[in-house]
There are 2 protein chains.
Amino acid sequence: MDTHVVIMAGGIGSRFWPMSTPTCPKQFIDVLGVGKSMIQMTVERLSPICPLDHMWIVTSESYVGLVHEQLPDIPKDNVLAEPAARNTAPCIAYACWKIKAKYPEANIVVTPSDALVIDVTEYRRVISKALEFTDKSDSIVTIGIKPTRPEVGYGYIQSIHGEGEVLKVQSFKEKPNLETAKAYLEDGGYLWNAGIFVWNVRTITSAISTYVPQIAHVIEEMSKDFYTSEEDESVKRLFPTCEKISIDYAVMEKAPHIYTIPAEFGWSDVGTWGALHSILPKDAEDNAVVGNGVKLFDSTGCVIHTSSLKKVVIEGLDGYIVTEKDGALLICRLSDEQRIREFHD
Amino acid sequence: MDTHVVIMAGGIGSRFWPMSTPTCPKQFIDVLGVGKSMIQMTVERLSPICPLDHMWIVTSESYVGLVHEQLPDIPKDNVLAEPAARNTAPCIAYACWKIKAKYPEANIVVTPSDALVIDVTEYRRVISKALEFTDKSDSIVTIGIKPTRPEVGYGYIQSIHGEGEVLKVQSFKEKPNLETAKAYLEDGGYLWNAGIFVWNVRTITSAISTYVPQIAHVIEEMSKDFYTSEEDESVKRLFPTCEKISIDYAVMEKAPHIYTIPAEFGWSDVGTWGALHSILPKDAEDNAVVGNGVKLFDSTGCVIHTSSLKKVVIEGLDGYIVTEKDGALLICRLSDEQRIREFHD
């Protein structure tokens, strides 16, 4: 089996300003205070099942330097620069056509760069299981996370009850309201969509050709220059002409033969401060702290993430985000975190 | 008239951490965001009534460098270094004996270095009036501020109703409770004690000799070496042996012939964050901001004072202090500001 991994790392992480900025977004940050960035953790998590020279990072042109810096063991040529953000379908198409040109038998895991997995062993087992499945069939597997709460922040995968670990997907569901999320949780057949896809390269390139032929056409054109000195120029010229569409809309909701593996490996997309708060270790007053010299008095339910500050004293805050990086500071109610984007326009 | 000014600048400003630190306390900081430190404003305020070479700064040894830096036009020899903090009586004694040795006819204003005066013209008029009075009589004049609210944070001067602007002092009162402060305000004969004293050099040295002879004895001994190369060594050895006592306890509460001038020049000792909040200009939501790139959303009654941060976004804070300097950050309820000292031990 010729396993490859495609890591999508083009996000700008605007919901985590100023911890995450367009200059250095979330995937390149040590969000959890463990000494590794999210993308470093992602690579580390997958490295036992995929050699580093078969890992591909697709990212914005402006983050190529960060990728080289943080992942020096990934071959430089495996870092694919998007000259413009065109959502996930063109991103995946670029990577998969590129792989196909050299590795026509490739079996591919596509994953975000900035999610958290707690039980890494179980994660690898599930991914390996999916890879075995797609190695033998022209199917698409999307990893489904067994919900542990009626989460309204994730899309859902409706699975069809069946034998074995790999289940057929009935449908994909948009982020639900709370009532619906509760019904999904109770039903048991609904899984969180983690945005982790497994497929062989024939399957995905064929599906893209079928369902978003415009993108397939552009990438085919680009692919004439893959692995040549013309590639950069060709990508710069052609990639931005791709339709801007997510792989979910473009392919997943249309293709037949989509499967899921319901998984329990402690997953979070770490997509909000609230999610980060729930992931991080907390003190007796429910405060989560990443940073140096942070002292809390009479404060509860806060999430503190500081980078450059040497000493932080917080008194009398309940349910706040306090985050600082490179001379920018945000203090904001956790319950108002959806407003963060408007704060730093 | 040979006017001199003694500026007491030895405080460590611990109530304003981290804006003010023992390394650079409040009097050396641009607390008001006007581009000048409190001590620079104090010197500027007095410079039309006293030549700079007749201004004397008494400060801790460790702040001598800061004084030279911030007040380059004050002669270096006029900066008197206290080798140990002995409260205000020894500090004033040192300065006044030093002045007396060279200027036996000196008429002296003693003032804190870190208070605010709004109406500088009226302030100069009042100080000049006091100087005229002490030039002609062996009296002590202490400036009394007409109270504008029942403030419990200041000591009070009880004046005796009389003719003219200079009134006899009946007694000094400790910081009152709110009820007493209200009674003082209603009475009309009570004034805030601003810690600004005016006297001629004979009067104060004689009063110190009478009421705190131990200090007078030490300073007399020191004075043998004034203006010689032995002065530093002599001060280092002798000054710390002075009794640690305030000029209020040592002299003011004991001496006869103490006078006050009730003044209205918009004065504050800027002794608390609450005081700073009330002094600073405020936005429509009662927020006072000193700092760069500060944006407030849904916040009221806050006082923000940042130094190194380039961008600050605050959402949903009511009645908080947010202050940063040199990599240290404090967030604290204004109502809990008396706890600040315990936060940074």
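Keep in mind that this is a model prediction, so the values were computed, not measured.

Q: Break down the environment of arginine 149 of chain A for me, citing the residues and quoting the values.
A: Residue and element names in this part refer to chain A. Mapped onto the secondary structure, arginine 149 falls in the loop between β6 (140-145) and β7 (156-159). Expressed as a C-alpha distance, the spacing of arginine 149 and alanine 106, which sit 43 residues apart in the sequence, is 36 Å. If sequence neighbours within four positions are ignored, arginine 149 has contacts with Tyr154, Tyr156, Leu185 and Trp192.

Q: How would you sum up the packing of aromatic side chains? Please name residues and give values.
A: All names here are of chain A. As enumerated under the stated definition, the model contains 26 aromatic pairs over all chains in all. Aromatic pair tyrosine 156 and tyrosine 184: ring centres 4.8 Å apart, planes at 55 degrees, arrangement tilted. A residue pair is termed long-range when its members are at least 10 positions apart, and tyrosine 156 in strand β7 and tyrosine 184 in helix α5 (residues 178-187) qualify at 28 residues. Each member of the pair, tyrosine 156 as well as tyrosine 184, carries the same accessibility label: buried. What links up through ring pairs into an aromatic cluster is the set Tyr94, Phe226 and Phe239. Across from the ring centre of tyrosine 123, 5.5 Å away, lies the NZ or CZ of arginine 45, which sits over that ring. Over the ring of tyrosine 227 we find lysine 98, and its NZ or CZ is 4.2 Å from the ring centre.

Q: Account for the relation of the copies chain B and chain A, with residues named and values stated.
A: Overlaying chain B on chain A yields an RMSD of 0.1 Å, the required transformation being a rotation through 179 degrees with an accompanying axial translation of 0.0 Å. Look at the turn and shift together and you get a two-fold axis relating the two. Most of the interface of chain B is mirrored in chain A: 100% of its interface residues are interface residues there too.

Q: Hey, could you go over empty space enclosed by the protein for me, with residue numbers and the actual values?
A: Residues and elements named next belong to chain B. All told, the structure shown has one cavity of 30 Å³ or more when counted by the stated rule. The calculated volume of the largest cavity comes to roughly 40 Å³. In terms of lining residues, the largest cavity is bounded by Thr42, Arg45, Thr111, Pro112, Ala115, Val117, Tyr123, Ile196 and Trp267. Residue assignment for the lining of the largest cavity shows that the elements contributing at least two residues are α1 (38-46) and β4 (106-112). Split into classes, the residues belonging to the lining of the largest cavity amount to six nonpolar, two polar and one charged.

Q: Could you give an account of the sheet that holds strand β13 (residues 294-297) of chain B, naming the residues involved and the relevant values?
A: Whenever strands of a sheet pair, they do so through backbone hydrogen bonds, lying parallel or antiparallel. The mixed open sheet is built from six strands, whose spatial order is β12(A)-β14(A)-β16(A)-β17(A)-β15(B)-β13(B). Only two strands of the sheet have a single neighbouring strand rather than two, namely β12 (288-290) of chain A together with β13 of chain B. The average angle at which neighbouring strand axes cross in this sheet is 5 degrees, direction not considered. Sheet topology places β13 of chain B next to strand β15 (residues 311-315) of chain B; four bridges connect them, and they run parallel. Bridged to leucine 296 of chain B within β15 of chain B is isoleucine 314 of chain B.

Q: Kindly report on the packing of helix α3 (residues 88-102) of chain B against helix α7 (residues 213-223) of chain B, identifying the contributing residues and their values.
A: Residue and element names in this part refer to chain B. Packing of α3 against α7 leaves a shortest axis separation of 10 Å and a crossing angle of 40 degrees. For the element pair α3 / α7, the angle class is oblique. For the pair α3 and α7, the crossing hand works out as right-handed. For the pair α3 and α7, contact is made by Ala89, Pro90, Ala93, Tyr94, Trp97 and Lys100 and by Ile215, Ala216, Ile219, Glu220, Met222 and Ser223, respectively. For the contact of α3 with α7, the per-class residue count stands at nine nonpolar, one polar and two charged.

Q: For unusual backbone geometry, give the residues involved together with the corresponding values.
A: In this structure, proline 18 of chain A follows tryptophan 17 of chain A across a cis peptide bond, with omega equal to 0 degrees. Along the chain, the position of proline 18 of chain A falls in the loop between β1 (2-9) and α1 (38-46). The backbone of valine 270 of chain B shows a phi angle near 45 degrees, a positive value even though the residue is not glycine. When you line up the elements, valine 270 of chain B lands in the loop between β11 (267-268) and α10 (273-279). Relative accessible area serves as the criterion here: at 0%, valine 270 of chain B is assigned to the buried category. Notably, aspartate 326 of chain B is not glycine yet its phi reads approximately 45 degrees, a positive angle.

Q: Can you lay out the environment of isoleucine 340 of chain A for me, pointing to particular residues and giving the numbers?
A: Residue and element names in this part refer to chain A. By secondary structure assignment, the location of isoleucine 340 is in helix α11 (residues 340-343). Judged by its relative accessible area of 0%, isoleucine 340 is buried. For the pair formed by isoleucine 340 and serine 14, sequence separation is 326 residues and the distance between their alpha carbons is 8.0 Å.

Q: A description of the side chain of glutamate 337 of chain B should follow, citing residues and the corresponding values.
A: Residue and element names in this part refer to chain B. Topologically, glutamate 337 is positioned in the loop between β17 (328-333) and α11 (340-343). Of the side chains with opposite charge, arginine 15 comes closest to the buried, unpaired glutamate 337, at an N-O distance of 6.9 Å. Only 2.7 Å separates the side chain of glutamate 337 from the backbone nitrogen of tryptophan 273, close enough to count as a polar contact. Of the polar contacts made by the side chain of glutamate 337, one reaches the backbone nitrogen of glycine 274; its length is 2.8 Å. Those residues in contact with glutamate 337 that lie beyond four places of it in its chain are Thr272, Trp273, Gly274, Ile321 and Cys332.

Q: Tell me about the pattern of salt bridges, residues and numbers included.
A: Applying the stated rule across the entire model yields 36 salt bridges over all chains. When the shortest N-O distance is used, the salt bridge between arginine 125 of chain B and glutamate 165 of chain B registers 2.7 Å. Separated by 40 residues along the polypeptide, arginine 125 of chain B in helix α4 (residues 120-136) and glutamate 165 of chain B in the loop between β7 (156-159) and β8 (167-173) bring together distant segments of the chain. A salt bridge links arginine 202 of chain B to aspartate 138 of chain B, with the shortest nitrogen-to-oxygen separation between them at 3.3 Å. Placement of arginine 202 of chain B in helix α6 (residues 201-211) and of aspartate 138 of chain B in the loop between α4 and β6 (140-145) is noted, with a sequence separation of 64 residues between them. Overlapping salt bridges bring together Asp298 and Glu315 of chain A together with Arg333, Asp336, Arg339 and Glu342 of chain B as one network.

Cut-offs and rules
- Residues numbered from 1 in each chain as written.
- Chains lettered and ligands numbered in written order.
- Predicted model: local features only at pLDDT ≥ 70, side-chain atom pairs only at ≥ 80, totals over all residues.
- Heavy atoms only, no water.
- Helix = DSSP H or I, 4+ residues; strand = E, 2+ residues; numbered from the N terminus.
- Contact = heavy atoms within 4.5 Å.
- Phe/Tyr/Trp six-rings, centres within 6.5 Å; stacked < 30°, edge-to-face > 60°.
- Buried < 20%, exposed > 50% of the residue type's maximum accessible area, 1.4 Å probe, protein only.
- Lys NZ or Arg CZ within 6 Å of the ring centre and 35° of its normal.
- Least-squares fit on C-alpha atoms with pLDDT ≥ 70 in both.
- 1 Å grid on protein atoms, 1.4 Å probe; cavity = no way out; pocket = protein on both sides within 12 Å on 5 of 7 lines; lining within 4 Å.
- Points joined across faces, edges and corners; volume = space filled by probe spheres on them.
- Nonpolar A, V, L, I, M, F, W, Y, C, P; charged D, E, K, R; others polar.
- Pairing = 2+ DSSP bridges.
- Axes fitted to C-alpha atoms, helices over the stretch in contact; angles between N-to-C directions.
- Parallel < 35°, antiparallel > 145°, perpendicular 65-115°, else oblique.
- Left-handed = near helix turned anticlockwise from the far one by under 90°.
- Lys, Arg positive; Asp, Glu negative; His and termini not counted.
- Salt bridge = Lys/Arg side-chain N within 4 Å of Asp/Glu carboxyl O.
- Polar contact = N/O pair within 3.5 Å; in protein donor to acceptor, adjacent residues only side chain to side chain.

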